[in-house]
Amino acid sequence: MASSSTRVRRYHVFPSFHGPDVRRKFLSHLHKLFASKGVTVFKDQEIVRGQTIGPELQQAIRESRISIVVLSRNYASSSWCLDELVEILKCKDAWGQMVMTIFYDVDPSDVRIQIGDFGRAFEKTCEGKNEEEKQRWSAALTYVSNIAGEHSLTWEDEAKMIEKIAADVANKVNVIPSLDFEGMVGMEARLKKVNSYLHGEYNEVKMIGIQGPAGIGKTTIARALFNQISADFELKCFIDLKESYMSDCIDVKLCLQSQLLSKILNQKDVKINHLGAIKEWLQDQRVLIILDDVDDLAQLDALAKEPCWFGLGSRIVVTTEDRKILKAHWVNDIYHVGYPSEEEALEILCLSAFQKSSPRDGFEELAKKISKICGYLPLGLHVVGSSLRGESRHEWEHQLSKLENSLDRKIEDVLKVGYEKLLKKEKSLFLHIAFFFNNEAIDHVTTMLAESNLDFRNGLKTLADKSLVRISTTGWIQMHRLLQQLGRQLVQQQSDDPGKRQFLVDAQDIRDALVNETGTGSVVGISFDMSKIRGEFFISGRAFEGMPSLRFLRIYRTYFGKYATLDMSEDIRYLPCLRLLHWDSYPSKRLPLTFRPECLIELRMKFSKLEKLWVGIQPLSNLKKINLGYSKRLKEIPNLSKATNLETLALTYCTSLVELPSSIWNLHKLKELKMSDCRKLRLVPINVNLESLKEVDKSNSSRFVSAPPSVSMNIKYLNVGNTKMEEVDPSIVERLPHLKWLRLGGRNVNRITHVPESVRHLNLSSSLIEMIPYCVIGLPQLESLFVYNCRQLVSLEGLPLSLKYIDASNCVSLERVCFSFNYLITHFMLRNCSNLDEESRRVIIQQRGYNNVWLPGRELPAEFNHKATGNSIRIPMVVDGEGAFSAYSGFKACLVLPPAKKYVLLVITCRIRTKAGVFIKELKWNSVNYFHYQTKHLFICGGNLLDVTTREILLEFSCSDNHKIIAYGVRILNEEEESSTISNDGNVGSCDYHANGDEDYKSEATQVSQFENTKGGEYTCCWSWLKNIWSGEVNDMV
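Residues numbered from 1 in each chain as written. Predicted model: local features only at pLDDT ≥ 70, side-chain atom pairs only at ≥ 80, totals over all residues. Heavy atoms only, no water.

Going by what an unreviewed UniProt entry lists, the chain is known as ADP-ribosyl cyclase/cyclic ADP-ribose hydrolase and is assigned to Brassica carinata.

**Q** I'd like a rundown of the overall build of the chain, residues and numbers included.
**A** When you go through the chain residue by residue, the secondary structure sums to 28 helices and 42 strands. When each of the 1038 residues of the chain is scored for burial, the buried share is 56%. Split by element, the accessible area of the chain, about 45600 Å² in all, is 48% carbon and sulfur. (Helix = DSSP H or I, 4+ residues; strand = E, 2+ residues; numbered from the N terminus. Buried < 20%, exposed > 50% of the residue type's maximum accessible area, 1.4 Å probe, protein only. Areas by Shrake-Rupley, 256 points an atom, 1.4 Å probe, with all protein chains shown as cover.)

**Q** Give me the sheet that holds strand β2 (residues 64-72): which residues, what numbers.
**A** Taken in spatial order, the four strands make up an open sheet running β1-β2-β3-β4, and their pairing is parallel. The outermost strands of the open sheet, each flanked by one partner alone, are β1 (11-16) and β4 (150-151). In the sheet, strand β3 (residues 98-104) pairs with β4 via two bridges, with the strands oriented parallel. In the sheet register, Phe103 faces β4, and the bridge partner there is His151. (Pairing = 2+ DSSP bridges.)

**Q** Tell me what's going on with the nonpolar core, and back it up with residues and numbers.
**A** If you look at the biggest cluster of nonpolar residues, it comprises 108 residues, and the most contacted ones within it are Phe528, Phe544, Leu581, Trp583 and Leu796. A total of four residues in this core trace back to one element, the largest contributor, which is helix α23 (residues 507-516). Here Leu581 is in contact with Leu553, Leu575, Leu591, Phe595, Leu600, Glu602, Leu603, Arg604 and Met605, once residues within four sequence places are set aside. Ile221, Ala367, Leu407 and Leu460 belong to the second-largest nonpolar core, a separate cluster that totals 80 residues. (Core = buried A, V, L, I, M, F, W, Y, C linked by side-chain atoms within 4.5 Å. Contact = heavy atoms within 4.5 Å.)

**Q** Account for the pattern of salt bridges, naming residues and giving values.
**A** One pass over the full model with this rule turns up 29 salt bridges. The salt bridge involving Glu420 is made with Lys427; its shortest N-O contact spans 3.6 Å. For Glu420, a relative accessible area of 42% puts it in the partly exposed group. Of the charged contacts in the structure, one is a salt bridge between Glu451 and Arg579, with a shortest N-O distance of 3.6 Å. Of this pair, Glu451 sits in the loop between α20 (442-448) and α21 (456-465) while Arg579 sits in the loop between β17 (565-568) and β18 (580-583), and the two are 128 residues apart along the sequence. Residue classification places Arg579 among the buried positions, given a relative accessible area of 6%. Through salt bridges with shared partners, a single network forms among Glu365, Lys368, Arg911 and Glu922. (Salt bridge = Lys/Arg side-chain N within 4 Å of Asp/Glu carboxyl O.)

**Q** Could you give me a rundown of the packing of helix α2 (residues 55-62) against helix α3 (residues 79-95), with the residues and numbers involved?
**A** Geometrically, a packed helix pair is captured by the angle between its two axes and the distance between the axes. Interaxial distance between α2 and α3 falls to 10 Å at its minimum, and their mutual angle equals 40°. When the axes of α2 and α3 are compared, the pair comes out oblique. For α2 against α3, the interelement crossing comes out right-handed. Within the contact between the two elements, α2 uses Leu57, Gln58, Ile61 and Arg62 and α3 uses Trp80, Glu84, Glu87, Ile88, Cys91 and Trp95. Considering only residue class, the contact of α2 with α3 consists of six nonpolar, one polar and three charged. (Axes fitted to C-alpha atoms, helices over the stretch in contact; angles between N-to-C directions. Parallel < 35°, antiparallel > 145°, perpendicular 65-115°, else oblique. Left-handed = near helix turned anticlockwise from the far one by under 90°. Nonpolar A, V, L, I, M, F, W, Y, C, P; charged D, E, K, R; others polar.)

**Q** Please set out the packing of helix α8 (residues 187-198) against helix α9 (residues 218-229) residue by residue, giving values where relevant.
**A** At their nearest, the axes of α8 and α9 sit 10 Å apart, and the two run at 70° to each other. In this view, α8 runs roughly perpendicular relative to α9, as classed from their interaxial angle. Crossing handedness for the pair α8 and α9: right-handed. Counting all contacts with α8, which are made through Met187, Arg190, Leu191, Val194, Asn195 and Leu198, the residues of α9 involved are Thr220, Ile221, Ala224, Leu225, Gln228 and Ile229. Within the contact of α8 with α9, the residues separate by chemical class into eight nonpolar, three polar and one charged.

**Q** How would you summarise the pairing of strand β6 (residues 235-240) if you had to cite specific residues and measurements?
**A** Taking burial as the measure, the six residues of β6 include five buried ones, the bulk of the element. Bridging between β6 and strand β7 (residues 287-292) involves six bridges; their strand directions are parallel. When the bridges of β7 are listed, Lys236 appears paired with Leu288.

**Q** Give me the lowdown on helix α14 (residues 342-353), citing residues and values where you can.
**A** If you check α14, its first and last C-alpha atoms are 16 Å apart, about what 12 residues at 1.5 Å a residue would give, namely 16 Å. The complete set of buried residues in α14 reads Ala345, Leu346, Ile348, Leu349, Cys350, Ser352 and Ala353. Once α14 ends, the next one or two residues include Gln355, with phi positive near 60°. (Expected span 1.5 Å × (residues − 1).)

**Q** Please set out the sheet that holds strand β12 (residues 476-478) residue by residue, giving values where relevant.
**A** Strand-to-strand pairing in sheets goes through backbone hydrogen bonds, with the strands running parallel or antiparallel. Across the sheet, which stays open at both edges, the three strands sit in the order β10-β12-β11 with antiparallel pairing between neighbours. The sheet terminates laterally at β10 (440-441) and β11 (470-471), the two strands that pair on one side only. By the bridge criterion, two bridges tie β10 to β12 in an arrangement that is antiparallel. From the neighbouring strand, Ala441 faces β12, where its bridge partner is Trp476.

**Q** So, the confidence of the model for the chain: which residues are in play, and what are the values?
**A** Looking at the chain, pLDDT values average 82 and 84% of them are 70 or higher. Below a pLDDT of 50 lies the segment residues 1-6, which in the model reaches nine contacts outside its immediate sequence neighbourhood of four places, other chains included. Per-residue pLDDT stays below 50 along residues 980-1038; that stretch engages in 213 contacts with residues further than four places along the chain or on separate chains. (pLDDT = per-residue confidence, 0-100.)

**Q** Describe a positive patch on the surface, and please don't skip the residues or the numbers.
**A** On the surface, Lys589, Lys609, Arg633, Lys635 and Lys680 cluster together into a positively charged patch. Classification of Lys680 as partly exposed rests on a relative accessible area of 46%. (Patch = residues over 30% accessible without salt bridge, like charges linked within 9 Å, V, L, I, M, F, W, Y side chains within 5 Å. Lys, Arg positive; Asp, Glu negative; His and termini not counted. Charge placed at Lys NZ, Arg CZ, Asp CG, Glu CD.)

**Q** I'd love a proper account of the pairing of strand β41 (residues 953-959), names of residues and values included.
**A** Regular strands have side chains that alternate between both faces of the sheet. Of all seven residues in β41, five are buried, a share of seventy percent or more. In this structure, strand β34 (residues 872-875) lies alongside β41, joined through four bridges in antiparallel fashion. Opposite Ile875, over in β41, you have Ile953 as the bridge partner. Inspection of the sheet shows strand β37 (residues 907-914) paired to β41 by seven bridges, in the antiparallel sense. The residue of β41 that forms the bridge with Thr909 is Ser958.

**Q** How would you sum up the packing of aromatic side chains? Please name residues and give values.
**A** According to the stated counting rule, one finds 23 aromatic pairs in the structure shown. Their ring planes at 40° and their centres at 5.6 Å tell us that Phe436 and Phe552 sit as a pair that is tilted. Taken together, the residues Phe436 in helix α19 (residues 424-437) and Phe552 in strand β16 (residues 552-556) connect sequence positions 116 residues apart. Take Phe436 and Phe552: they sit in the same class, and that class is buried. One aromatic cluster in this structure is built from Phe435, Phe436, Phe437, Phe503 and Phe552. When the ring centre of Phe233 is taken as origin, the NZ or CZ atom of Arg286, which lies over that ring, is 4.1 Å away. Residue placement shows Arg831 over the ring face of Trp854; its charged tip is 5.1 Å from the ring centre. (Phe/Tyr/Trp six-rings, centres within 6.5 Å; stacked < 30°, edge-to-face > 60°. Lys NZ or Arg CZ within 6 Å of the ring centre and 35° of its normal.)

**Q** So what about unusual backbone geometry? Which residues, and what values?
**A** Although it is not a glycine, Asn266 sits at a positive phi angle of roughly 55°. Note on placement: Asn266 falls in the loop between α10 (250-264) and α11 (277-282). Its identity is not glycine, yet Tyr653 carries a phi of approximately 60°, on the positive side. Along the chain, the position of Tyr653 falls in the loop between β21 (648-650) and β22 (672-674). Judged by its relative accessible area of 10%, Tyr653 is buried.

**Q** Run through the side chain of Ser495, naming residues and quoting values.
**A** Inspection of the secondary structure puts Ser495 in the loop between α22 (481-492) and β13 (503-504). Only 3.0 Å separates the side chain of Ser495 from the backbone nitrogen of Asp497, close enough to count as a polar contact. For Ser495, the contacting residues outside a window of four places in its chain are Lys500 and Arg501. (Polar contact = N/O pair within 3.5 Å; in protein donor to acceptor, adjacent residues only side chain to side chain.)

**Q** I'd like to hear about helix α16 (residues 378-387), residue by residue, with values.
**A** For α16, the buried fraction is high: seven of the 10 residues fall into the buried class. Among the residues making up α16, those that are buried are Pro378, Leu379, Gly380, Leu381, Val383, Val384 and Gly385. Along its buried surface, α16 packs onto α14, α15 (364-373), α17 (393-403), α18 (409-420) and α22.

**Q** Give a description of the environment of Ile373 that names residues and reports values.
**A** The topology assignment puts Ile373 in helix α15. Here the alpha-carbon distance between Ile373 and Glu404, two residues 31 residues apart in the chain, equals 6.9 Å. Discounting residues that sit within four places of it in the chain, Ile373 has contacts with Leu400, Leu403, Glu404, Arg481 and Leu482.

Right, here's the structure in full:
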């Protein structure tokens, strides 16, 4: 049976009836009720009836969702009616059309066997007809008489019967989705959620809200909801308030009430003269009212002030961007419209661009990039997709480049409405967040803006209520990318002269303003990404003198490689009173003598040429963070005794630093102290038992021989790897009850006897151990173990059951790996472990739960029974009784990869398609860290398949940087294996590079990945995964 959804449906109902019996009374009343419920009915008044039904009538039957057969006393007296009935039943068989019956003043049994008055009329019609036609009519009557329907002879009140029929039809019509909303991705799930708030079974008046940012689809959901449930209400209306002017003026409120009453009562220009009119008209009526795009509480007060204005069972739905309006009106049931998933967003874009749910061949990556750049906002996806319909790849690439720096006008017009309604201070806060504080912690931004007049806390609440920002559950501010772009465009419109704008972010504009010294007192913030331009340029010492209002200065790079070099023709003479000073690769030996750091909250000057910061003791009570990492010429740190609120001091790779001021040990709010690779640093022998201290990194410090006798009991992260310390003093271990991350590795470590039981992540890399220490085997909470470059390690046995991640790469002596099948290790790195025995290899390959496994190997294991050497593999297997992959079908895959002579971070992608080539899903895995290997290696991964009703799927594997895949195999998992396999639904261990290029600018969801090139070593780690792969600096991977 073909699906009815593939046919054009112009009518809800096609009625088949004998006119003289029912047209003037019964049918006319039924038509009236249908009209009130929005049910469209085919009407045949203009069709000239002949001996047989014509093509126009046949088409009307086929284009109707429901056929209603009104079987009356004289129905069978018309060959026309009988032919209609035969055609109706043909449509039912062919396309599943719904058929309803009404027995009007006739008994169903008379119809079934054609007796009584009904039978006599039928016999008269059959006179002169051939036997085949008689049998066709008789069979149709018999069939339709067995369809249960309303029987007028059993009803005492015909009006009530008509009401029930109309309601039943309306309900059936609305079970079938309207064509207007076919193809709306995710609509069914959203409507289901909204309906759960409506509580249709309850008889009280119910008011709910649909809330979310501009362009998210609130109006679309509301219209689909109206289409779905409006037939249940005799009185209903959908009021669009987008263009409504609002004030507390009575005339404006009367105008709104008149508009609503005119629409809901279907009367033109209802005149009212007092604000109680809606209650007066509707308090006894069950109504459905949708108020779309409410942006003022006065609108709700005018149109739906109290529940008692409406009759029992009424439903009022309000859509708005402003959550505060709903709360102020005591609307407690609010459906917040979230962003679609990555897969849904791609489908929305493709439906607009290609008019199908998946990308055209060759457009897959472009479609994903554009979907991401639109921030998965439905409005943006639809507008951009529609504009690219029918365009070439070249045009798509051109638009992608354009979208990275500008908004489509249609999108800008929609997003700008919310901004324009903000107060002046709220607009300023919006711009501050768009330029500097997106994906930042609320507490951090509160401190940064403490001395501004922006009323940050109340302003942020307003922005969140109006859906212009989102506050995460962990207290981070998140602004949608398109709103952020809107903010930047608004600032560009402030002046044609960049130096007169409030914020500067365009790299070319900033370079020109600094070189030409055109900055003015208007400039509050500069965010200069040096990666965006090329070449060397010079600025004078007076470059910032014209910008006394500058508070936030950020000069950075998002990636390493070719980028602009900023140099100075003379030492800088002036910096304003900054709250943020972030200047990577600062070109001078010290900060200007005139610089006053008393307002400074954050000082970040990595890779600088600084030798010292300033002279003497400065007032630093606002300073919270110092990061001078990789400033290799830095020789001294100033006295920090006045930095009483300092929380972080990062001095990584300050290789010329000789000593720390004793004042740091009196900083009782210090939480993080990072001194790795400070090879000349002489540690002052004093008590470091700062209660606030939670993270200490002293790795790669050649002068560090032993831990101090007294340490903070609150330390959670301790890194003493690659030092001269041979073991951790047991007495110190006992005083670290909260330690979670511990790194002890290094060439001097040959035995480990004590590790705190609280440790979850342990790094013993580059140590001289030959087997896993007994104290490690007993750790009850250990989740990750790093033993890479332990070149004397022979066996991995007796590992804790809690382990999920092991990295034993470059353990060239490793022979044995032994663990039970109760382990659920998801990541197992055994790169360059070429001495593994066959039994260990078998155990590793057959282990359950893998998402990411690497080990040497030349051939595919036999258990991967679907094998290929080309770009894709077809799998014809079935895994359920119905011959289709179930929603829980899992698979394991094994790839043979060629040697990697240089350091690589590989990303392996698997695209799953149907036999016909329809895109279903994409999975990704990566190598977690940078590495190289001299022989062929196996990569083993796994994942879930979606609910696919197909007997064959196509898997396409590819590798980043055109890295070759020699061969690969796949195995579909059985039910037992699936239940114990931790599946990968994509992006496990993935590295997402952050827009601002620094690991401290991060959101709760996307930890920043910043790989920093340094010399030496053969195993370079990516710093975004598992506490930066446990601080594994390049130089200790030898």
